[in-house]
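Here are the chains, one letter per residue:
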Amino acid sequence: MNNAVNRHRGSVLGSAATYLALCLMSVVFLIPFYMLLRNAFMTTPEVTATDWHWLPSSLSWSNFTSLFDNPERPFGRSILNSLLIAVISAPVSTLLASMAGYALARIAVPGRAVVLSLIVGTLMIPQAVTFLPTFVVVGSMGGVNTMWGLIAPGLFNAFAVVLFRSFYLSFPAEIEEAGRIDGLSYLGVYGRIILPNSVTMIASLGALSFIEAWNSFLWPLMIGQDPSSWTVQIALSSFLTSQTVNLPELFAGTAVAILPLVVMFLVAQRHIVQGIAMSGLKS
Amino acid sequence: MTATGTTPARKSPLHHDAARPAPAPAPRRRRLTERQSKALAFAVLTAPILLGLGLFRYVAIGWSFLLSFSEARRTISLGNWVGLDNYRELLSDERFRDSLTMIVLFTALIVPLTFAASLGLAVLVNRIRRGRAFFRTAFLLPAAVSYVAAAMIWKMALFSGVPSGLANTLGALFGADPTPWIQTQSPPLYWIVLVTLRLWLQVGLYMILFIAGLQSIPPHLYEAAALDGAGPWRTFRSITFPMLRNTSVAILLLMLIAALQAFDEFYAIFSTGASLGSEPVRTPLMHLYGVALQDQDYGVGSAGAFLLTLLIVLVTLLQGRILGFSRDKD
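Residues numbered from 1 in each chain as written. Chains lettered and ligands numbered in written order. Predicted model: local features only at pLDDT ≥ 70, side-chain atom pairs only at ≥ 80, totals over all residues.

Asker: Lay out the overall build of chain A with the relevant residues and their values.
Answerer: Scanning chain A from N- to C-terminus turns up 15 helices and 0 strands. Against the compact-globule benchmark of 19 Å for 283 residues, chain A has a radius of gyration of 25 Å, which places it well outside the compact range. With respect to the three principal axes, the spread of C-alpha positions in chain A is 80 × 75 × 35 Å. Sorting the 283 residues of chain A into buried and exposed places 45% on the buried side. (Helix = DSSP H or I, 4+ residues; strand = E, 2+ residues; numbered from the N terminus. Rg over C-alpha atoms; globule rule 2.2 N^0.38 Å. Buried ≥ 20, exposed ≤ 12 C-beta atoms within 10 Å, placed from the backbone.)

Asker: Which residues make up the overall build of chain B, and what are the values?
Answerer: What chain B contains, in helices and strands, is 14 helices and 0 strands. Put simply, chain B runs from its N terminus to its C terminus through helices and strands in the order α-α-α-α-α-α-α-α-α-α-α-α-α-α. Here chain B holds 330 residues, and 38% of them are scored as buried. Expressed as a percentage of contacts within chain B between residues at least 6 apart in sequence, the contacts between residues at least 24 apart total 62%. (Contact = placed C-beta atoms within 7 Å.)

Asker: Would you mind going over the UniProt feature "transmembrane region" (unreviewed entry) in chain A in detail, with residue names and values included?
Answerer: Using the residue numbers shown here, the UniProt feature "transmembrane region" (unreviewed entry) corresponds to residues 12-37, 79-102, 114-136, 148-168, 189-211 and 250-268 of chain A. Helix and strand shares over residues 148-168 of chain A are 71% and 0% respectively, and the end C-alpha atoms of the span are 31 Å apart. (UniProt positions renumbered as here; feature names shortened; annotations may be inferred.)

Asker: So, the environment of R38 of chain A: which residues are in play, and what are the values?
Answerer: Residues and elements named next belong to chain A. Mapped onto the secondary structure, R38 falls in helix α1 (residues 2-40). With 17 C-beta atoms counted inside 10 Å, the residue R38 sits in the partly exposed group. Taking the C-alpha atoms as reference points, R38 and L132, separated by 94 residues in sequence, lie 39 Å from one another. In this view, R38 contacts L55 and P56; residues no more than four positions away in its chain are not counted.

Asker: Which residues make up the interface of chain B and chain A, and what are the values?
Answerer: Listed as interface residues are 88 residues of chain B and, on the opposing side, 85 residues of chain A. In terms of residue count, the dominant contributor to the side of chain B that touches chain A is helix α2 (residues 34-67) of chain B (22 residues). For the side of chain B that touches chain A, the class distribution of residues is 63 nonpolar, 19 polar and 6 charged. (Nonpolar A, V, L, I, M, F, W, Y, C, P; charged D, E, K, R; others polar.)

Asker: How would you sum up the UniProt feature "domain: ABC transmembrane type-1" (unreviewed entry) in chain A? Please name residues and give values.
Answerer: Under the present numbering, the feature "domain: ABC transmembrane type-1" (unreviewed entry) in UniProt falls on residues 79-268 of chain A. With 72% helix and 0% strand, residues 79-268 of chain A has its two end C-alpha atoms placed 21 Å apart.

Asker: Give me the lowdown on the UniProt feature "transmembrane region" (unreviewed entry) in chain B, citing residues and values where you can.
Answerer: Residue and element names in this part refer to chain B. Under the local residue numbering, the UniProt record ascribes the feature "transmembrane region" (unreviewed entry) to residues 39-60, 100-125, 137-157, 189-212, 243-263 and 298-318. Taken end to end, residues 243-263 is 81% helix and 0% strand, and its first and last C-alpha atoms sit 34 Å apart. Secondary structure over residues 298-318 splits into 100% helix and 0% strand, and the C-alpha atoms at its two ends are 30 Å apart.

Asker: Just give me the short version of the confidence of the model for chain B, but keep the residues and values in it.
Answerer: Residues and elements named next belong to chain B. When pLDDT is averaged across chain B, the result is 84; 87% of the residues are at 70 or more. This model gives residues 1-28 a pLDDT under 50, and the stretch forms 28 contacts once residues within four places in sequence are excluded. Reported confidence for the predicted complex is 0.90 by ipTM and 0.87 by pTM. (pLDDT = per-residue confidence, 0-100.)

Asker: I'd like to hear about the packing of helix α13 (residues 232-241) of chain A against helix α14 (residues 247-267) of chain A, residue by residue, with values.
Answerer: All names here are of chain A. For the pair α13 and α14, the least separation of the axes is 10 Å and the interaxial angle reads 160°. It follows that α13 is roughly antiparallel to α14 by the angle criterion. Crossing hand, α13 versus α14: left-handed. On α14, the residues that touch V232, L236 and F239 of α13 are L250, G253, T254 and A257. Within the contact of α13 with α14, the residues separate by chemical class into 5 nonpolar, 2 polar and no charged. (Axes fitted to C-alpha atoms, helices over the stretch in contact; angles between N-to-C directions. Parallel < 35°, antiparallel > 145°, perpendicular 65-115°, else oblique. Left-handed = near helix turned anticlockwise from the far one by under 90°.)

Asker: Now, about the environment of A90 of chain A: what can you tell me, with residues and values included?
Answerer: All names here are of chain A. Summarising the element assignment, A90 is placed in helix α4 (residues 75-106). Between the C-alpha atom of A90 and that of Q243, which follows or precedes it by 153 residues, the distance is 36 Å. Not counting the four nearest positions on each side in its chain, A90 is found in contact with G206, S209, F210 and A213.

Asker: Quick rundown of the environment of E34 of chain B? Include the residues and the values.
Answerer: Note that E34 of chain B resides in helix α2. Each C-alpha atom of the pair E34 of chain B and V313 of chain B lies 44 Å from the other, and the pair is 279 residues apart in sequence.

Asker: Break down the nonpolar core for me, with residues and values.
Answerer: Ranked by internal contacts, the top residues of the largest apolar core, which has 170 residues, are A100 of chain A together with A150 and M207 of chain B. The dominant element in this core, judged by the number of residues it contributes, is helix α8 (residues 190-215) of chain B, at 14 residues. Beyond its immediate chain neighbours, meaning those up to four positions away, A150 of chain B contacts V145, L197, W200, L201 and E265 of chain B. (Core = buried A, V, L, I, M, F, W, Y, C linked by C-beta atoms within 7 Å.)

Asker: With reference to specific residues and values, describe unusual backbone geometry.
Answerer: In this model, N145 of chain A sits at a positive phi of 65°, which is unusual for a non-glycine residue. The residue N145 of chain A is located in the loop between α6 (131-140) and α7 (147-151) in this model. At Q296 of chain B, a position not held by glycine, the phi torsion is positive, near 50°. Position of Q296 of chain B relative to the elements: it lies in the loop between α13 (284-293) and α14 (298-329).

Right, here's the structure in full:
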């Protein structure tokens, strides 16, 4: 009895310590966001002041308006470019992966194993190492500084094919058979039965693919050399290489660049967490 | 067959393709045999990804492999074969060798730290009942931030060399002078900048993976341990950690591959915008980027891509070996 009380007290103390540690850690993790927002609303003298200010003296949006007015750094254009890239590549790459994943899981044709190993084989090569070969191919096709050059190589996600394949392998076959009996073709079964039943899977992997497209840096840095084809990440990095830096504007730009994804993380967190868990543990 | 007709979007590619290849003698009816319609559906569904991967992976890598044995300055056409010269040139380049040393050191530092931190957070978050969603969000939120954006915050707000930077503000409380964190080479303080940035960005992702692993451990094991009077540390060592074995191996692999390919934050922090290659700290990928874009030497650049692949393959094999051996001992 006494022992049980002790253990109970121990676990209460233990969980208090756990909460304390977690609170401290989450404060540390949120500090960079706080610094970013604070500086984005400050004036240049405030940002560079040696004495500490918790908050900007006034909540002015002038940093944000000047951010979009600078003719040397087409920030608004770069946001639109990034948006276009992410909005196209996330659904298209997810759909292509789902199509192939379904065929590989459920349509038994001769040569299916070969197709599967051709797709899986591309996973053996580390992603960042393919950037130069891909640049050679895209460059030779005239893709430098073009939208298609920025988008096309990212549309083919072999890893997502593998994830969709294993998802469809465990899909109940009875539903498909019912569709076949009702006279649907194989493509009809895929379009009318399988696809509507893959919505959560598509949402999870699509969200991850959107994040990847929005945040990618090396590829747009190679392909988008002209300011008119900059993505938002390239526009951001141009702050660090320009001669004179307007610090508050730099922070305002960073805040704008991460805002869409932070909102997405807060809204669609369930899907994102699922997507991460799925893609991490399958590898 | 009529039911297919109600979805026009699906109908057109089917009929279009069915009409073109004219199989056998022209079919009396449009209806395909079971085997044909199967093959057609398979082809339609897999063709886009096969073409894409074929072009952007197989053709690209094959071409690049040939380029790596070819003198290809300002050209991507083959023919001027030079054997292993590109590889030799790269390996005798001190700056490339330095970048290899740099990335191996960085990996050796960041992987264990990220592993320990994300496992630790996962165990803590998994232990509590209330507020789990809040803490999970707080730790995962940095994963929404790009490396470039994080590099801006780290370079210009947290670790900027001026007195108003957060690190220097905190240092001033203890009477320290403002430190140029990024520019200081000896001692290499920039390691603190690089490591904290990547930790902040990645810990949440791996924490999610560890939490998924933790939740697949059968609870009766913990009940048994509690009955045996095992304390928290003992429980972690004898149950949690061994049960997470597969998760841990997968996560380590992901971390290793990600670290060896580091580029974004190094570039954003150290690139000056002047000539590429003058950065004080460079990763192999940065070196290759400079070779490809500035020197436009695609032969040497391709050779570098394959050397980096080789390094990644060796490290992952080594990891497999080490973990494989320790499994044999169990």
